[in-house]
There are 2 protein chains.
Amino acid sequence: MTTTLSESPFLAACRGQTPAHVPVWFMRQAGRSLPEYRAIREGVAMLDSCFTTDLVVEITMQPVRRHGVDAAIFFSDIVVPLKAIGVDLDIVAGVGPVVAEPIRTRAQLDQLRDLEPDDVAPVIAAVAALTGELGGTPLIGFAGAPFTLASYLVEGRPSRDYRNTKAMMHTDPELWHDLLGRISAIAGQFLRMQVQAGASAVQLFDSWAGALSLADYRTFAMPHSAAVLEAVADLDVPRIHFGVGTGELLGAMGEAGADVVGVDWRVPLDEAVHRVGPGKALQGNLDPTTLFAPPEVVEREARRVLDQGRAAHGHVFNLGHGVMPEIDPDALTRLVDVVHAYELD
Amino acid sequence: MTTTLSESPFLAACRGQTPAHVPVWFMRQAGRSLPEYRAIREGVAMLDSCFTTDLVVEITMQPVRRHGVDAAIFFSDIVVPLKAIGVDLDIVAGVGPVVAEPIRTRAQLDQLRDLEPDDVAPVIAAVAALTGELGGTPLIGFAGAPFTLASYLVEGRPSRDYRNTKAMMHTDPELWHDLLGRISAIAGQFLRMQVQAGASAVQLFDSWAGALSLADYRTFAMPHSAAVLEAVADLDVPRIHFGVGTGELLGAMGEAGADVVGVDWRVPLDEAVHRVGPGKALQGNLDPTTLFAPPEVVEREARRVLDQGRAAHGHVFNLGHGVMPEIDPDALTRLVDVVHAYELD
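Residues numbered from 1 in each chain as written. Chains lettered and ligands numbered in written order. Predicted model: local features only at pLDDT ≥ 70, side-chain atom pairs only at ≥ 80, totals over all residues. Heavy atoms only, no water.

- Chain A is annotated in an unreviewed UniProt entry as Uroporphyrinogen decarboxylase of Aeromicrobium alkaliterrae.

Okay, here's the thing in structure tokens:
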């Protein structure tokens, strides 16, 4: 059992050191797959729960207690800092983030002011409380990357093709870069507050960056993601950088300043190693839908991921995307056991 | 101007020969971006229009007349052969294909009987009429690939994560392979009828195969796609194989029996060349959202695609996915002119 952060397998793997076992956590581990989560969220709106310290602490702890994962990720949503500075948005069940007035003009940029500690006081209080309660289990802080946050602000809601976002990019690149500059400042400030309150690592979620070609990613997204990661560069915490469908972008996502590059299930980890280049650890990458299969299939597929992960500078086991709400939580607990039983030597 | 099929730049590029100019056509060129299409479809349900010979002919011709593209693709939908054998499905505006009773059990496989010429008589009549009317412009026939069609049959509607589809794959591989075997027989029969009626090339749309890892693609999808392509192997027409987000699958999609591999906008064509291997032409791959940008941006991006396409054994210019309904059709006409003006030497 881990008793201090200095022995954390998660932090060791992130840093390319040799962990006692392959560490594992799951994106969206704190969430609707757990009955105890559904019970505690009963009648509480998503964004209300994100701004309620006790709920954030309890929900963050639930998967740590149940599954024995090697890291906690604080319960929140990538739109929380935008809500905190007053953007009129909500998370609508079955839809996702919905912005009342999509941002399409320069005049609208003014509402994207800097994030002050008071804006997110209950959130940061939860981070501080959690680092005490978690003991030797590291807490991962996180933020949404500028491109992904911009896609919500510009489209006004989740999109399949990001048409308005890409149109702004190509039609008015100056407005685009100013918008992403504002968002990157806010995201960087938010990450910094989380680390200063005790988070041991950060993950930058550029969930939808995979919609961009590599050339567009390098021109329109990467400089702003790099600015967010740079905002915590002096704080000595591992920085994880993740997106879905980013096979072509893995090298650039590493270059943006990541210590760990998250990989979805489409690129085998032993191939991803070549794309991210030397000195960077990998996180991933079991297809989350595999968890609907019988235990022997899950174990076989997990072992394949683990075998492929040996090629990496360090390997943090995870799914290739978030846990689906309909997944049997026992399948997750069994998966943690499979990963922990894997012999590294 | 092309006057006979033997001089077709499209067919030359597909075969790796030297065309007079880079050929161009657009996925979904016959469709909602055109006012003349919206007018003729007024009050006619999508599937009804697909089974009405005169409408299929007229709608197929519209973009050829307007844009001067180098190939026509017959107006239809990938679910047409399933509808034709009696599967209870409809195409719902704003949603996509909706199947009344999703296929999840062996007993349901019986409804997937072979496709007979009578089932699609008005469709094949349209293909025959078109090849006369088109003269020297080739007609592309098409079918949906087994994985993509299965995803609609199993999910019952468009899906973001294909959870039921992947669950069947991993939980009951025998049922899965039997289902895809049935679908591949039907798709192969449909393609064969189109070519025998005069289509000069075929495209197999595995639109959603990019949701699979390479290992799962090879095990669960590729053998069935190969069977479809094999069904027209003796007919001496170029076979195009396309999907979205297939960066990791391009080699396997070529191996499945394609002469031309379609590439979405995520992988530059000069990189795709290495993934598909020698002797195969490429089709693609301008990001369709680029068409919302000003003409000079579209031209710049199109020229980048054309420059990258020079590395290919043959290059058919296209978008990386279908034309969006909101695109200004004049932007498409201008894009055809840019491609045709490009100097190959």
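From this point, the narrative continues.
Quick look at the packing of helix α4 (residues 53–67) of chain B against helix α6 (residues 121–134) of chain B
Residue and element names in this part refer to chain B.
Here is step 1 of the chain: Where α4 contacts α6, the axes come no closer than 8 Å and their chain directions differ by 35 degrees. The crossing of α4 and α6 is right-handed. Residue-level contacts link Thr53, Val56, Val57, Thr60, Met61, Val64 and Arg65 of α4 to Pro122, Ala125, Ala126, Ala129, Leu130, Glu133 and Leu134 of α6.
Here is step 2 of the chain: Taken together, the residues that form the contact of α4 with α6 break down as ten nonpolar, two polar and two charged. (Axes fitted to C-alpha atoms, helices over the stretch in contact; angles between N-to-C directions. Helix = DSSP H or I, 4+ residues; strand = E, 2+ residues; numbered from the N terminus. Left-handed = near helix turned anticlockwise from the far one by under 90°. Contact = heavy atoms within 4.5 Å. Nonpolar A, V, L, I, M, F, W, Y, C, P; charged D, E, K, R; others polar.)

Overview of the UniProt feature "binding site: substrate" (unreviewed entry) in chain A
All names here are of chain A.
Here is step 1 of the chain: Mapped onto the present numbering, the UniProt feature "binding site: substrate" (unreviewed entry) falls on Arg28, Gln29, Ala30, Gly31, Arg32, Asp77, Tyr152, Ser207 and His321. A maximum C-alpha distance of 22.9 Å is found for the annotated residues, which run over 294 residues; spatially they are spread out rather than grouped.
Here is step 2 of the chain: Positionally, Gln29 belongs in the loop between α1 (9–14) and α2 (35–41).
Here is step 3 of the chain: With residues up to four places along the chain from it excluded, the contact list for Gln29 reads Leu34, Pro63, Val69, Ala71, Ala72, Ile73 and Val323.
Here is step 4 of the chain: In this fold, Gly31 is placed in the loop between α1 and α2.
Here is step 5 of the chain: Take Gly31: its relative accessible area is 8%, and that puts it in the buried class. (UniProt positions renumbered as here; feature names shortened; annotations may be inferred. Buried < 20%, exposed > 50% of the residue type's maximum accessible area, 1.4 Å probe, protein only.)

Focus on the pairing of strand β9 (residues 315–319) of chain B
Here is step 1 of the chain: Counted residue by residue, β9 of chain B has five buried out of five residues, so it is predominantly covered.
Here is step 2 of the chain: Remark: the strand β8 (residues 281–286) of chain B/helix α13 (residues 295–309) of chain B/β9 of chain B crossover connection has right-handed handedness. (Right-handed = clockwise from strand over helix to strand, strands pointing away.)

Looking at the sheet that holds strand β5 (residues 201–205) of chain B
Residues and elements named next belong to chain B.
Here is step 1 of the chain: Spatially, β1-β4-β5-β6-β7-β8-β9 is the arrangement adopted by the seven strands of the open sheet, whose pairing is parallel. Taken across any chain shown, the strands that pair with only one partner, and hence form the sheet edges, are β1 (72–73) and β9.
Here is step 2 of the chain: Bridge analysis of β1 against strand β4 (residues 139–144) gives two bridges, and the strand direction is parallel. In the sheet register, Ala72 faces β4, and the bridge partner there is Leu139.
Here is step 3 of the chain: Its contacts with the sheet place helix α12 (residues 269–276) against β7 (260–262), β8 and β9, and it is angled at close to 145 degrees to β8. (Pairing = 2+ DSSP bridges.)

Thoughts on the UniProt feature "domain: Uroporphyrinogen decarboxylase (URO-D)" (unreviewed entry) in chain A
Here is step 1 of the chain: The UniProt entry lists residues 23–32 and 140–156 of chain A under the feature "domain: Uroporphyrinogen decarboxylase (URO-D)" (unreviewed entry), expressed in the numbering used here.
Here is step 2 of the chain: Structurally, residues 140–156 of chain A is divided into 59% helix and 29% strand, and its ends, taken at the C-alpha atoms, are 28 Å apart.

Observations regarding helix α4 (residues 53–67) of chain A
Residue and element names in this part refer to chain A.
Here is step 1 of the chain: Along its 15 residues, α4 runs 22 Å from first to last C-alpha, staying within 8% of the 21 Å computed at 1.5 Å per residue.
Here is step 2 of the chain: Along α4, the largest kink reaches about 25 degrees and is centred on Met61; proline Pro63 follows within four residues of it.
Here is step 3 of the chain: Every buried residue of α4 is accounted for by Leu55, Val56, Val57, Ile59, Thr60, Met61, Gln62, Pro63, Val64 and His67.
Here is step 4 of the chain: As for α4, its buried residues are in contact with α2, α3 (46–50), β1 (72–73), α6 (121–134), β4 (139–144) and α14 (329–341). (Expected span 1.5 Å × (residues − 1). Bend = angle between axes of the 7 residues up to and from the residue.)

Overview of the interface of chain A and chain B
Here is step 1 of the chain: With 32 residues of chain A in contact, the opposing surface of chain B contributes 31 residues.
Here is step 2 of the chain: Summing both sides of the interface, chain A and chain B together bury roughly 2700 Å²; the carbon and sulfur share of this comes to 49%.
Here is step 3 of the chain: If you sort the residues of chain A by the area they bury against chain B, Arg163, His170 and Glu248 of chain A come out on top, with a joint share of 23%.
Here is step 4 of the chain: If you look at where chain A meets chain B, you find six salt bridges.
Here is step 5 of the chain: Only α8 (163–171), α10 (214–230) and α13 (295–309) of chain A provide two or more residues apiece to the side of chain A that touches chain B.
Here is step 6 of the chain: Tallied by class, the residues present in the side of chain A that touches chain B amount to 13 nonpolar, eight polar and eleven charged. (Buried area = accessible area lost by both parts, 1.4 Å probe. Salt bridge = Lys/Arg side-chain N within 4 Å of Asp/Glu carboxyl O.)

Here we look at the pattern of salt bridges
Here is step 1 of the chain: Under the definition given, this model contains 34 salt bridges over all chains.
Here is step 2 of the chain: Between Asp234 of chain A and Arg192 of chain A there is a salt bridge; the shortest N-O distance is 2.8 Å. A residue pair is termed long-range when its members are at least 10 positions apart, and Asp234 of chain A in the loop between α10 and β6 (239–242) and Arg192 of chain A in helix α9 (residues 173–196) qualify at 42 residues.
Here is step 3 of the chain: For Arg192 of chain A, a relative accessible area of 26% corresponds to the partly exposed category.
Here is step 4 of the chain: With its nearest N and O atoms 2.8 Å apart, the salt bridge here joins Glu248 of chain A to Arg275 of chain B. Separated into two different chains, Glu248 of chain A in the loop between β6 and α11 (250–255) and Arg275 of chain B in helix α12 make up a pair that spans both. With respect to class, Glu248 of chain A is no different from Arg275 of chain B; both count as buried.
Here is step 5 of the chain: The network of salt bridges with common partners includes Glu36, Arg66 and Asp330 of chain A.

Some words on the relation of the copies chain A and chain B
Here is step 1 of the chain: In screw terms, the move from chain A to chain B is a rotation of 180 degrees and a rise of 0.0 Å along the axis, fitting with an RMSD of 0.0 Å. What we have between these two chains is a two-fold relation. (Least-squares fit on C-alpha atoms with pLDDT ≥ 70 in both.)

Considerations on the packing of aromatic side chains
All names here are of chain A.
Here is step 1 of the chain: Throughout the structure, instances matching the rule amount to 14 aromatic pairs over all chains.
Here is step 2 of the chain: On the numbers, 6.2 Å between centres and 80 degrees between planes, the contact of Phe205 with Phe242 is edge-to-face. Here Phe205, found in strand β5 (residues 201–205), pairs with Phe242, found in strand β6; they are 37 residues apart in sequence, far enough to count as distant. For the pair Phe205 and Phe242, one class covers both residues: buried. (Phe/Tyr/Trp six-rings, centres within 6.5 Å; stacked < 30°, edge-to-face > 60°.)

Remarks on the sheet that holds strand β8 (residues 281–286) of chain A
Residues and elements named next belong to chain A.
Here is step 1 of the chain: Judged by pairing direction, the sheet is parallel, and its seven strands sit side by side in the order β1-β4-β5-β6-β7-β8-β9 without closing on themselves. With one partner strand each, in any of the chains shown, β1 and β9 (315–319) form the two edges of the open sheet.
Here is step 2 of the chain: Where β8 meets β9, five bridges bridge the pair, whose relative direction is parallel. The partner of Gln283 across the bridge, within β9, is Val316.
Here is step 3 of the chain: Of the strands in this sheet, β5 and β6 touch α10, which is tilted by about 155 degrees from β6.

Comments concerning helix α12 (residues 269–276) of chain A
Residue and element names in this part refer to chain A.
Here is step 1 of the chain: Where α12 is concerned, the buried positions are Leu269, Ala272, Val273 and Val276. An end-on view of α12 places all buried positions within 115 degrees of arc, on one side of the element.
Here is step 2 of the chain: Contacts from the buried residues of α12 go to α11, β7 (260–262), β8, α13 and β9. (Arc of directions from axis to C-beta.)

Topic: the side chain of Thr165 of chain B
Residue and element names in this part refer to chain B.
Here is step 1 of the chain: Checked against the element boundaries, Thr165 lands in helix α8 (residues 163–171).
Here is step 2 of the chain: Relative accessible area serves as the criterion here: at 0%, Thr165 is assigned to the buried category.
Here is step 3 of the chain: Setting aside its immediate chain neighbours within four residues, Thr165 contacts Phe147, Ser151, Val154, Glu155 and Trp176.

Quick notes on the nonpolar core
Here is step 1 of the chain: Within the largest apolar cluster, 129 residues are counted, with the highest numbers of intra-cluster contacts made by Phe10, Leu112, Leu179, Phe317 and Leu335 of chain A.
Here is step 2 of the chain: Per-element tally for this core: the top contributor is α9 of chain A, with eleven residues.
Here is step 3 of the chain: In this view, Leu335 of chain A contacts Phe26, Leu286, Leu291, Val298, Ala302, Phe317 and Leu319 of chain A; residues no more than four positions away in its chain are not counted.
Here is step 4 of the chain: Listed in part, the 128 residues of the second largest apolar core include Phe74, Ile140, Phe147 and Ala331 of chain B. (Core = buried A, V, L, I, M, F, W, Y, C linked by side-chain atoms within 4.5 Å.)

Quick look at unusual backbone geometry
Here is step 1 of the chain: Residue Asn285 of chain A is bonded to the preceding Gly284 of chain A through a cis peptide linkage, with omega at -10 degrees.
Here is step 2 of the chain: Here Asn285 of chain A lies in strand β8.
Here is step 3 of the chain: Positive phi is not limited to glycine here, since Tyr162 of chain A has a value of about 55 degrees.
Here is step 4 of the chain: For Tyr162 of chain A, the location among the structural elements is in the loop between α7 (146–155) and α8.
Here is step 5 of the chain: Positive phi, close to 60 degrees, is recorded for Arg28 of chain B, a residue that is not glycine.
Here is step 6 of the chain: Structurally, the position occupied by Arg28 of chain B is in the loop between α1 (9–14) and α2 (35–41).

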